[in-house]
Amino acid sequence: MYTRLLQNFGNSVRCMATKATPKVKPINKILISNRGEIACRVIRTARKLGVRTVAVYSDPDEHSLHTELADEAYRVGEAASYLRGERILEIAKQSGAQAIHPGYGFLSESVEFAELCQKEGVIFMGPPSSAIRDMGIKSTSKAIMAAAGVPIINGYHGDDQSDACLQAEAAIIGFPLMIKAVRGGGGKGMRIAEKPEDFLTALNSARTESLKAFGDSSVLLERYVRSPRHVEVQVFADQYGDAVYLWERDCSVQRRHQKIIEEAPAPGLTEELRRELGEAAVRAAKAVGYVGAGTVEFILDKEDLSFHFMEMNTRLQVEHPISEMITGTDLVEWQIRIAAGEPLPLTQAQITRRGHAFEARIYAENPRGGFLPGAGPLRYLNTPKPSAEVRVETGVREGDEVSVHYDPMIAKLVVWGENRTQALNSLIARLGEYHISGLETNINFLIDLASHPEFQLANVHTGFIEEHFDTLFPPIVVEQQQLSQAALSLIFNELQAASTNASCRQDPFAAAANIRLNYALIRSYNLKAHDKVYAVDVKYDNGNIDIRVDGGAWQVIKAERVQDNGRLKIRANIDSNISTYSANIDGAHVTLFLENGKLDFELVQPKFLSAQADQLGSGGSRVVAPMPGVLEKILVKPGDIVKKGDSLAVLIAMKMEHILKAPKDATIKSIGGAVGDNMAKGAAVITFVDDDVNN
């Protein structure tokens, strides 16, 4: 979908007359001070342009994809070392890199790092430090925007950060209100106080998270607009005072104040409103002397379509690919050329818009468990086939680890279509082709979200998930056809192992290692899905298959294995319904990849079904870690008496703070770790004294 932008670089007549003559300093080597998919994304464009790349890696990332793809790679330190600006600059000079691309997150919006680059004579591929400072401090940015004629929302943006002052201002603004980190972004340091009695708790939580993420606990207060739309404009500016907008994106559907699915252009807007948004965004960029790629975010009232400035992200956004898809541009290429001193490659009049694009962020997380982040190995990974209309932006391969130390995003799936309906259909289909097992992901949820009738109608807003929670998370019913498909997967996997004289190490019970394909095979499986166990019996006799579920009637099934580069793919006729599906078997775990997402089964032995170890988790004798993380604070000690709802400990996962609370009145028996310890998902953090539990 990329369009070569080498065209018309000579047509930059806007640098004539009063404009400065372009002073181009060609860049032939850049260092990428980031990791994961954005580092890989920058490497691809740099390679296209003949620019060499230097990667940096932390200890957990030594064998990561971005390290492998770059021309050179240097160790920068421990897990948090992507924030070590001085060390990264040292590597840049050592490797001969003329410029540093910061990606997003980490040092991308660090005033101090941008200034350090300038001081050391290394090009920072982003805006001037003054623009980062002005836009990074939300109270300052609001004042500048107001002066530039950009609409802003009312609130408190003052320097007095005392509890008393903030409580008084909150009372003036009224509830509900939004508490935001002054230097915040990505949903971090953001809390909603629904009523006055919630205010101090929300304030302290926002401050703690803001201090940890940004080194500053200052906050601002704003009137909370319920169910607004989140619409943002991609802008680009050069070093000669010119700026353009590349249309808008709608990022309204979010969880935990973080985007999950984005589209461009924003649906339901008039061309006049699109121009107003774009022109306001350009005024915002010019007001701070902006250079490079940036995104101006607006709150859009979904009823009257009025809009107000929210913030500016002074970097390339995660969702930039959808702007590229509808404009035929490569924004990383623009970044490299602008950093080298070239003028903008296109005028506003030359930037056209075609079709519609969606981006879905694929995360290691548990949507039905409150979207809590996860971590672990990608034991099985098979992605949709990339094309001009389909992009898979990722920094991981099969077998790689989704680390507890970083954001749990696995990939971005980007699709384009001639219109919104076509693009949305493509998104749903490609999500169904994105196969992951080994850890929980949000792919099933993304399919359900994109298929939701209200999303199909573009009735989107930031409270979409909450409003439609019941229909997005209906009760899960395991159908007899799915149980038959799981059993077929086990049979075909076993037959394949036998036919190749394999050791059957994928067979959970290591049985029938040398079975002949024309031999009678009888298997009884106990398959567990969503806390319920099903008994499935299979008879296989020279290609004839009979299956029964939970002692019911035998059903004749026709099935065959389909060639798919060694992966398990089956075509089956079950109850006169012919379908083709993929599966993966990993030990005692069976994963089906179906039209509406994946379904996981666990193969269990009957003797395990009655074992009742202490599985109570946070509802009984203990409080467990809901996701892998680091134990940040312990707020109680053995012997303490706590009430239901009391805060017990604080867990940090993916830079987000999670407070563990008492599920009942109880006495603390023991603490399962020390401050700074890594806690696995399900590990007991707090154990209670309980007469009903055997010690």
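These numbers were taken from a predicted model, which means no experiment stands behind them. (Residues numbered from 1 in each chain as written. Predicted model: local features only at pLDDT ≥ 70, side-chain atom pairs only at ≥ 80, totals over all residues. Heavy atoms only, no water.)

1. Let's talk about the environment of L439
Alright, step 1. Its location among the elements puts L439 in the loop between β25 (435-437) and α13 (443-451).
Alright, step 2. The exposure class of L439 is buried, given its relative accessible area of 10%.
Alright, step 3. Linking L439 and E365, residues 74 residues apart in sequence, is a C-alpha distance of 8.3 Å.
Alright, step 4. Those residues in contact with L439 that lie beyond four places of it in its chain are A364, A375, G376, P377, L378, V402 and K598. (Helix = DSSP H or I, 4+ residues; strand = E, 2+ residues; numbered from the N terminus. Buried < 20%, exposed > 50% of the residue type's maximum accessible area, 1.4 Å probe, protein only. Contact = heavy atoms within 4.5 Å.)

2. Things to note about the side chain of S58
Alright, step 1. With respect to the helices and strands, S58 occurs in strand β2 (residues 52-58).
Alright, step 2. Taking the relative accessible area as the measure of exposure, S58 reaches 0% and is therefore buried.
Alright, step 3. Apart from residues no more than four positions distant in its own chain, S58 is found in contact with V76, G77, E78, A79, S81, Y82 and Y406.

3. Considering the nonpolar core
Alright, step 1. Counting residues in each nonpolar core, the largest one holds 68 residues, and the members touching the most others are I30, F236, F298 and W334.
Alright, step 2. Sorting elements by how many residues they give to this core places helix α9 (residues 271-287) first, with 7 residues.
Alright, step 3. Split by domain, this core shows at least three residues from each of two domains, domain 1 (29-125) and domain 3 (228-473).
Alright, step 4. Core analysis: the next-biggest nonpolar cluster, separate from the first, contains 38 residues, I261, V392, L413 and F445 among them. (Core = buried A, V, L, I, M, F, W, Y, C linked by side-chain atoms within 4.5 Å. Domains from an automatic or database assignment.)

4. Details of the sheet that holds strand β36 (residues 641-642)
Alright, step 1. Pairing within the open sheet is antiparallel, and its 4 strands lie in the order β34-β41-β39-β36. Each edge of the open sheet is held by one strand with a lone partner, namely β34 (622-624) and β36.
Alright, step 2. Both β34 and strand β41 (residues 684-689) contribute to a ladder of 3 bridges, which runs antiparallel. By the bridge assignment for β41, V623 is matched with I686. (Pairing = 2+ DSSP bridges.)

5. So, unusual backbone geometry
Alright, step 1. Here the bond from F175 into P176 is cis, since omega is 0°, no more than 30 degrees from zero.
Alright, step 2. Note that P176 resides in the loop between α7 (163-173) and β7 (177-185).
Alright, step 3. For D531, which is not a glycine, the phi torsion comes out positive at approximately 70°.
Alright, step 4. One non-glycine residue, D575, lies in the positive phi region at around 55°.
Alright, step 5. Tracing the chain through its elements places D575 in the loop between β30 (568-574) and β31 (577-586).

6. Examining the sheet that holds strand β1 (residues 29-32)
Alright, step 1. Read from one edge to the other, the open sheet built from 5 strands follows the order β3-β2-β1-β4-β5, with strand pairing classed as parallel. Here the strands that pair on one side only, and so sit at the sheet edges, are β3 (72-77) and β5 (123-124).
Alright, step 2. Across 3 bridges, the pairing between β1 and strand β4 (residues 99-101) is parallel. Looking at β4, one finds that I30 is bridged to A99.
Alright, step 3. This element, helix α1 (residues 36-48), spans β1, β2 and β4 of the sheet and lies at about 170° to β1. (Axes fitted to C-alpha atoms, helices over the stretch in contact; angles between N-to-C directions.)

7. Concerning the pattern of salt bridges
A side chain of one charge can pair with a side chain of the opposite charge if their charged atoms are brought near each other.
Alright, step 1. Inspection of every chain in the model, using the stated rule, returns 50 salt bridges.
Alright, step 2. Here E393 ties to R44 by a salt bridge, and the two come within 2.7 Å at their closest N and O atoms. Here E393 is found in strand β22 (residues 390-394), whereas its partner R44 is found in helix α1, with 349 residues between them in sequence.
Alright, step 3. Since its relative accessible area comes to 36%, R44 is described here as partly exposed.
Alright, step 4. Measuring nitrogen to oxygen at the nearest pair gives 2.4 Å for the salt bridge that ties K142 to E222. Residue K142 is located in helix α6 (residues 138-147), and its partner E222 is located in strand β9 (residues 219-223); the two are separated by 80 residues in the primary sequence. For the pair K142 and E222, one class covers both residues: buried.
Alright, step 5. Taken together, the shared-partner salt bridges connect R41, R44, K48, E324, D330, E333, R337, E342, R391 and E393 into one network. (Salt bridge = Lys/Arg side-chain N within 4 Å of Asp/Glu carboxyl O.)

8. What to know about the packing of aromatic side chains
Alright, step 1. Here the structure, examined in full by the defined rule, presents 15 aromatic pairs.
Alright, step 2. Relative to F473, the ring of F371 lies with its centre 6.1 Å away and its plane at 75°, an arrangement referred to as edge-to-face. Of this pair, F371 sits in the loop between β18 (365-366) and β19 (372-373) while F473 sits in the loop between α16 (469-472) and α17 (480-499), and the two are 102 residues apart along the sequence. Taken individually, F371 and F473 each receive the classification buried, so the pair is uniform in this respect.
Alright, step 3. Over the face of the ring belonging to W554 we find K539, whose NZ or CZ atom lies 4.4 Å from the ring centre. (Phe/Tyr/Trp six-rings, centres within 6.5 Å; stacked < 30°, edge-to-face > 60°. Lys NZ or Arg CZ within 6 Å of the ring centre and 35° of its normal.)

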